[in-house]
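Given next are the chains, with one letter for each unit.
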Amino acid sequence: MQRVSEASVRVGGDTVGVIGPGLVVLAGFRNGDDGGTVAWMAEKIANLRVFGDDEGRMNRSLLDTGGEALVVSQFTLYGDARKGRRPSFVKAARPEVAVPLYEAFVEALGRILPDPVRTGRFGAMMDVALVNDGPVTLLIER
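So, here's what we can say about the structure. Per chain, residue numbering runs from 1 following the sequence as it is written. Predicted model: local features are reported for residues with pLDDT of at least 70 only, side-chain atom pairs are reported and counted for 80 or more only, and whole-chain, interface and lining totals are derived from all residues. To get the side-chain values, take all heavy atoms of the structure and skip hydrogens and water.

So, on to unusual backbone geometry. In the segment running from glycine 134 into proline 135, the intervening peptide bond is cis, with an omega of 0°. We count a stretch as a helix when DSSP gives it H or I for four or more residues in a row; a strand needs E for two or more, and each element gets its number in order from the N terminus. With respect to the helices and strands, proline 135 occurs in strand β8 (residues 126-137).

All right, on to the pairing of strand β6 (residues 68-73) then. Note on exposure labels: buried denotes an accessible area under 20% of the residue type's maximum, exposed denotes more than 50%, and partly exposed covers the range between, all computed with a 1.4 Å probe on protein chains only. Of all the six residues making up β6, five are buried; the element is thus mostly covered by neighbouring parts of the structure. Strand pairing requires that DSSP identify at least two bridges connecting the strands. Sheet analysis places strand β3 (residues 22-27) next to β6, joined by six bridges and oriented parallel. Across the sheet, residue valine 24 finds its bridge partner in β6, namely leucine 70.

With that settled, the discussion passes to the side chain of glutamine 2. Assignment of secondary structure puts glutamine 2 in strand β1 (residues 2-11). N or O atoms within 3.5 Å of each other form a polar contact, as long as, within protein, one can give a hydrogen and the other can take it, and as long as residues adjacent in sequence are counted only when both atoms are side-chain atoms. Within the structure, glutamine 2 has its side chain in polar contact with the side chain of threonine 137 (distance 3.3 Å). When residues no more than four places from it in sequence are discounted, the contact partners of glutamine 2 are Gly22, Leu23, Val24, Leu130, Asn132, Val136 and Thr137. Throughout, a residue-residue contact means that at least one pair of heavy atoms, one from each residue, lies within 4.5 Å.

Turning our attention to the pairing of strand β2 (residues 14-19). Here five bridges tie β1 to β2, and the two strands are oriented antiparallel to one another. Across the sheet, valine 11 pairs through a bridge with aspartate 14, a residue of β2. Hairpin remark: β1 followed by β2, antiparallel, with two residues in the connecting loop; positive phi at glycine 12, about 55°.

Turning to the environment of leucine 109, a few remarks are in order. With respect to the secondary-structure elements, leucine 109 resides in helix α3 (residues 95-112). Under the relative-accessibility criterion, leucine 109 is labelled buried at 0%. In the structure, leucine 109 is positioned 70 residues away from alanine 39 in sequence and 8.2 Å away in space, judged by C-alpha atoms. In this structure leucine 109 touches Ala42, Ile45, Ala46, Ala69, Val71 and Val117, once residues within four positions along its chain are discounted.

Within the largest apolar cluster, 28 residues are counted, with the highest numbers of intra-cluster contacts made by Met1, Phe29, Ile45, Val71, Phe105 and Leu109. Only β3, α1 (35-47), β6 and α3 provide two or more residues apiece to this core. When residues of this core are assigned to their parent elements, the largest contribution, seven residues, is made by α3. Nine residue types can take part in a nonpolar core, namely buried Ala, Val, Leu, Ile, Met, Phe, Trp, Tyr and Cys, and a core is a set of them joined through side-chain atoms within 4.5 Å. Val4, Val9, Val72 and Met126 belong to the second largest nonpolar core, which has nine residues in total.

Turning our eyes to something else, we now look at α1. A helix is expected to span 1.5 Å multiplied by its residue count minus one. Taking 1.5 Å of rise per residue, 13 residues should cover 18 Å, and α1 covers 18 Å from first to last C-alpha, within 8% of that figure. Buried within α1 we find Thr37, Val38, Met41, Ala42, Ile45 and Ala46. Projected down its long axis, α1 shows its buried positions confined to an angular sector of 150°, all on one face. Turning to α1, the residues buried within the fold contact β3, α2 (62-65) and α3. Two or three places before glycine 36, at the start of α1, stands the capping residue aspartate 34, its side-chain oxygen 3.0 Å from that residue's backbone nitrogen. Note: the arc covers the axis-to-C-beta directions of the helix.

Listed below in structure tokens is the structure:
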């Protein structure tokens, strides 16, 4: 996930998601992830204190700041490039598993946050534009 001052995602020339200050969540699912993973991740991301307080310390969450969320599916997070010259994606969940998990994650995060969660389009070729604020980028795994 990345803390941003703004972000957008385009699919085929159409803008499908835009946010102001908040978080871009590059969501990838791996073999073994389940509903418990989804619920944990939604709670973690909504409540993680990565925004500055009045003293500039990371002490405020997405909920505290009223920030927005843009969730983009990203199976390549589980690419393994240690061997050879082409990444292996054997750890990434197959689409028949990943799509329901992605949709459940967006729904779970949407139940927690006051503003609608914006998204990309699962499996599509997307152009993601963002202004990383900080920069603050964190890998979150259960």
